[in-house]
Amino acid sequence: MTEKPKIALYWCSSCGGCEESVIDLAEDLLTVAAAVDIVFWPVALDFKYKDVVAMNDGEITATLINGAIRTGEQEHMAKIMRKKSKLLIAHGSCAHLGGVVGLANFYQREDLLSRLYQEVPTTNNPQGILPQHETIESGRKIKLPDIHDTVKALDQVVEVDYYIPGCPPTPELIKEAMMMVLENRLPPRGTVLAGKKALCDTCPRIDSKPDKLRIKKFKRIYETEWDPEKCFLDEGIICLGPATRGGCNARCINANMPCRGCFGPTDNVRDQGAKSSSFLASIIDVTDKEALKKTADSIPDPGGLFYRYGLASSILKGKLTPKSS
Ligand code: SF4
Ligand code: SF4
């Protein structure tokens with residue numbers, strides 16, 4: 001009997017949403033599970049680290065890794081899974097681009113740790129102890145994974161063969177990626193397995209998007225009553241559809257929410273944040289300096305908006321701020 005393809009799933013710095021997205025395959029999960037041998041999936045099945053280490057190099061047909069890389073343990077596991085797998089697939093925005101987790105790169109590691117372990121009102125830590133890489137507890141040496149200075153996308157630590165974008169990816173995209181692997185009809189290595197064009201091109205509201213947009217003030221959703229059939233940008237509500245890869249079935253738009261960019265940039269754009277900000281700048285319709293400043297100030301949290309999913313893999317990679325004293 002021919003052996004079934006071996007599939008592994010692993011998570012790094014992740015919220016768990018991408019693991020959920022596999023479960024969202026619903027009954028299709030049974031079809032996929034029947035066609036493959038799942039050999040490692042710590043969230044759902046009781047396989048151990050030593051089981052993977054004992055495998056031959058390249059023995060796993062494809063591994064899907066979700067989550068970004070923040071710790072030494074995650075980098076180590078990414079390297080192990082790379083070695084053991086013929087194909088390594090970045091699953092979701094965090095593995096693809098650094099994702100929401102990558103927003104931590106706006107801060108210094110030390111500042112994040114002291115905020116979390118010493119300053120927040122809900123933390124009870126009178127001695128102000130910070131996580132240690134190595135500590136002695138009741139005479140035993142305990143080692144914890146080291147925390148890297150910055151968050152990285154998966155392909156910043158290992159070679160990645162394919163990317164499934166989204167926060168989280170749609171079940172349709174995950175199923176299609178699995179079928180591509182199983183039916184051996186994969187596109188060129190490095191392909192993002194989603195749409196090729198920007199979201200606007202497939203948006204159900206595209207007909208109401210004017211050829212020339214002119215915006216004097218950007219509005220937040222709560223500040224306006226908007227027509228749920230009309231293009232968000234035409235209503236003055238920031239939508240990143242023009243600068244974001246399509247292929248998500250316009251899930252957010254259909255739920256009456258503007259696009260926030262989780263599918264990342266299209267193939268011909270290097271930096272989604274730069275593209276988004278230059279695009280928005282091009283539709284501002286004011287000329288005097290004061291009015292321009294007012295319009296720019298109406299963009300809420302520009303860094304978090306333009307780089308919500310892609311800061312770690314952007315040209316900036318993060319914010320170089322001096323460590324606070
Ligand atoms: S891509 Fe989104 S859903 Fe997936 S782990 Fe990251 S934050 Fe969670
Ligand atoms: S800007 Fe947003 S709402 Fe308008 S067409 Fe593009 S994706 Fe759709």
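Scroll up a little and you will see the structure.
Residue positions are counted from 1 within each chain, in the order its sequence is given. Both sets of labels track the order of writing: A upward for chains, 1 upward for ligands. Two thresholds apply to this predicted model, a pLDDT of at least 70 for residue-level local features and 80 or more for giving and counting side-chain atom pairs, whereas whole-chain, interface and lining totals are computed over all residues. Heavy atoms throughout the structure, all of them, feed into the side-chain values; hydrogens and water do not.

1. Examining the sheet that holds strand E5 (residues 85-91)
Where we set the bar: Two strands pair if DSSP finds at least two bridges between them. Numbering of helices and strands starts at the N terminus; helices are DSSP runs of H or I of at least 4 residues and strands are runs of E of at least 2. Axis geometry follows a simple rule: fit a line to the C-alpha atoms, using only the stretch in contact for helices, then measure angles between N-to-C directions, giving values from 0 to 180 degrees. We call two residues in contact whenever any of their non-hydrogen atoms come within 4.5 Å of each other.
One open sheet accounts for five strands, arranged E2-E1-E3-E5-E9; its pairing is parallel. Across the chains shown, the open sheet's two edge strands, defined by having one partner strand only, are strand E2 (37-40) and strand E9 (162-164). Ignoring strand direction, the axes of neighbouring strands in this sheet form an average angle of 30°. Its contacts with the sheet place helix H4 (residues 72-84) against strand E1 (6-11), E2, strand E3 (60-66) and E5, and it is angled at close to 135° to E5.

2. Some details on the site of ligand 1
Just so we agree on the cut-off: Near, as used in this document, describes a residue that has one of its heavy atoms within 4 Å of the molecule or strand being considered. Here the term charged refers only to Asp, Glu, Lys and Arg, the term nonpolar to Ala, Val, Leu, Ile, Met, Phe, Trp, Tyr, Cys and Pro, and the term polar to all other amino acids, Gly among them.
As a matter of local geometry, ligand 1 sits amid Ser14, Cys15, Gly17, Cys18, Ser93, Cys94, Gly166, Cys167 and Pro168. The class makeup of the residues in the shell around ligand 1 is five nonpolar, four polar and no charged.

3. Overview of the side chain of Thr295
Which entries qualify depends on this criterion: Each residue's exposure class comes from its accessible area (1.4 Å probe, protein chains only) as a fraction of the maximum for that residue type: buried when under 20%, exposed when over 50%, partly exposed otherwise.
Tracing the sequence through the fold places Thr295 in helix H10 (residues 289-297). When its relative accessible area of 1% is taken as the criterion, Thr295 is described as buried. Non-local contacts of Thr295, meaning those with residues more than four positions away in its chain, are made with Ile215, Lys216, Lys217, Phe218, Ile284 and Val286.

4. Side note on the site of ligand 2
Residues in contact with ligand 2, as listed here, are Leu199, Cys200, Cys203, Ile206, Lys209, Cys231, Phe232, Leu233, Cys239, Gly241 and Pro242. Across the shell around ligand 2, the residue classes tally to nine nonpolar, one polar and one charged.

5. Here we look at the environment of Asn256
The criterion, for reference: We define a polar contact as two N or O atoms separated by no more than 3.5 Å, with the added condition that, inside protein, one atom must be a possible hydrogen donor and the other a possible acceptor, whereas residues neighbouring each other in sequence contribute only through side-chain atom pairs.
Here Asn256 lies in the loop between helix H8 (251-254) and helix H9 (272-283). For the pair Asn256 and His91, spaced 165 residues apart in the sequence, the C-alpha separation amounts to 25 Å. What Asn256 contacts, discounting residues up to four positions off in sequence, is Arg205, Trp226, Pro228 and Phe232. Of the polar contacts made by the side chain of Asn256, one reaches the side chain of Arg205; its length is 2.8 Å. A polar atom in the side chain of Asn256 sits 3.2 Å from the side chain of Trp226.

6. Considering the pattern of salt bridges
Stated precisely, the cut-off is as follows: What counts as a salt bridge is simple: a side-chain nitrogen of Lys or Arg found within 4 Å of a carboxyl oxygen of Asp or Glu.
The full count for this structure, using the stated rule, is 22 salt bridges. For the salt bridge of Lys196 with Asp267, the shortest nitrogen-to-oxygen distance reads 3.9 Å. Pair noted here: Lys196 is in the loop between helix H7 (171-182) and H8 and Asp267 is in the loop between H8 and H9, with a separation of 71 residues, a long-range link. By relative accessible area, which is 52% here, Asp267 ends up exposed. The salt bridge involving Asp297 is made with Lys293; its shortest N-O contact spans 2.8 Å. Pair noted here: Asp297 and Lys293 are both in helix H10, with a separation of four residues, about one helical turn. Taking the relative accessible area as the measure of exposure, Asp297 reaches 53% and is therefore exposed. A residue is classified by how much of its surface remains accessible, and Lys293, at 48% relative accessible area, is partly exposed.

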